[in-house]
Amino acid sequence: MNPILKIFWLIYIIFIDLPLALLFTFLTAISTLIGCTIGDHKKWGYYPGMIWSRLMCALIFSTVKVEGKENLEKGQSYVFAANHTSTYDIFIIYGYIGRSFKWVMKEEIRKIPFVGAACKAAGFIFINRKAMKQALHSMEEAKKSLTNGVSVVIFPEGTRTKTGEMGRFKQGAFKIAMDMGLPVVPLSLGGFFKAMPSGQAFANPRARVSLHIGKPIDISQFNDINEAMEYLRNEIAKNI
């Protein structure tokens, strides 16, 4: 980026983007918390977050290309599995997947003021990666949400990539899918590693990002979980 433009962009981030992002996040958390407490968590756990995510993308003037929505069947629950490249992956999935779902997220998010309470009210699943027994219990709780077309979204890598390459997959998504007899849908996210690589404090402007929704995968067709994981990893990679 041109040095002069970089200075203007930094000023925009500090004085416009960040204040608005904090305001949108607060309003989203409050509306989700109240809505899920007195209303339908399937709607209130999704629509405020969807609007919030699109606003967050609009603040950095990003364009999002979505492909593959026709691969999803109305009323069907899925286990969505996505590669993890950036903080903005959350906004792309939440804003543009077009399905009600529950996030599987790290335990630390529960401690964020307002946001943690809203996520809990929405029925999102917190995972303590340092306590395996508690993590397994959380995954069991996740299964209770997967009814009436409500799905779950997992980043099988567990954390963001630092190199742009996908890391090793963990088994959580596959165990849920196998136990529940649900198809796994590969989500391929592209563009945001370059727009906001690991360690960078803010995203570059006008990021061109993409979300490719792959065809659902029947896990029961594989001989073992490792074979299923490798197949899913290849499906995600080829559509990034």
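Residues numbered from 1 in each chain as written. Predicted model: local features only at pLDDT ≥ 70, side-chain atom pairs only at ≥ 80, totals over all residues. Heavy atoms only, no water.

Considerations on the sheet that holds strand 5 (residues 151–154)
Heads up, the condition is: Each pair of strands is called paired provided DSSP finds at least two bridges between the two strands. Going along the chain from the N terminus, every DSSP run of H or I of four or more residues is numbered as a helix, and every run of E of two or more is numbered as a strand. Where helices are involved, their axes are fitted lines through C-alpha atoms of the stretch in contact, as for all axes, and angles between N-to-C directions lie from 0 to 180°. Contacts are assigned to residue pairs with any non-hydrogen atoms lying within 4.5 Å of each other.
As summarised here, the arrangement of the seven strands in space is 1-7-6-2-5-3-4, forming an open sheet in which the pairing is mixed. The open sheet has two free edges, formed respectively by strand 1 (63–67) and strand 4 (125–127), since each of these has just one partner strand. Averaged over all pairs of adjacent strands, the angle between strand axes in this sheet comes to 20°, irrespective of strand direction. Two strands pair when backbone bridges link them, and strand 2 (residues 79–82) and strand 6 (residues 184–190) are joined in this way by four bridges, in the parallel orientation. The residue of strand 6 that forms the bridge with A82 is L187. Along the sheet, helix 4 (residues 89–96) contacts strand 1, strand 2, strand 3 (101–106), strand 5, strand 6 and strand 7 (208–213); its crossing angle with strand 3, the most-contacted strand, is approximately 165°.

Regarding the packing of helix 3 (residues 47–59) against helix 4
The condition that has to hold: Convention used here: angles under 35 degrees read as roughly parallel, angles over 145 as roughly antiparallel, angles from 65 to 115 as roughly perpendicular, and any remaining angle as oblique. Throughout, a crossing is termed right-handed when the near helix is turned clockwise from the far one, and left-handed when it is turned anticlockwise from it by less than a right angle.
Viewed as axis vectors pointing N to C, helix 3 and helix 4 meet at an angle of 130°, and their least axial separation amounts to 7 Å. By the angle class used here, helix 3 and helix 4 are oblique. Along this stretch, helix 3 crosses helix 4, giving a crossing that reads as left-handed. For the pair formed by helix 3 and helix 4, the contact residues are G49, M50, W52, S53, R54, M56 and C57 on the first element and I90, F91, I92, Y94, G95 and Y96 on the second.

Concerning the pattern of salt bridges
Basically, it comes down to this: By salt bridge we mean one thing: a side-chain nitrogen of Lys or Arg within 4 Å of a carboxyl oxygen of Asp or Glu. Burial classes: relative accessible area under 20% of the type maximum marks a residue as buried, over 50% as exposed, and values in between as partly exposed (1.4 Å probe, protein chains only).
Taken as a whole, this structure holds three salt bridges when the rule is applied. The partner of E67 in a salt bridge is K65, with the nearest N and O atoms 3.3 Å apart. Here E67 falls in the partly exposed class, since its relative accessible area comes to 35%. Its salt-bridge partner being E235, residue K238 comes within 3.1 Å of it at the nearest N-O pair. Taken together, the residues span about one helical turn, with K238 and E235 both in helix 9 (residues 225–238) at a distance of three residues.

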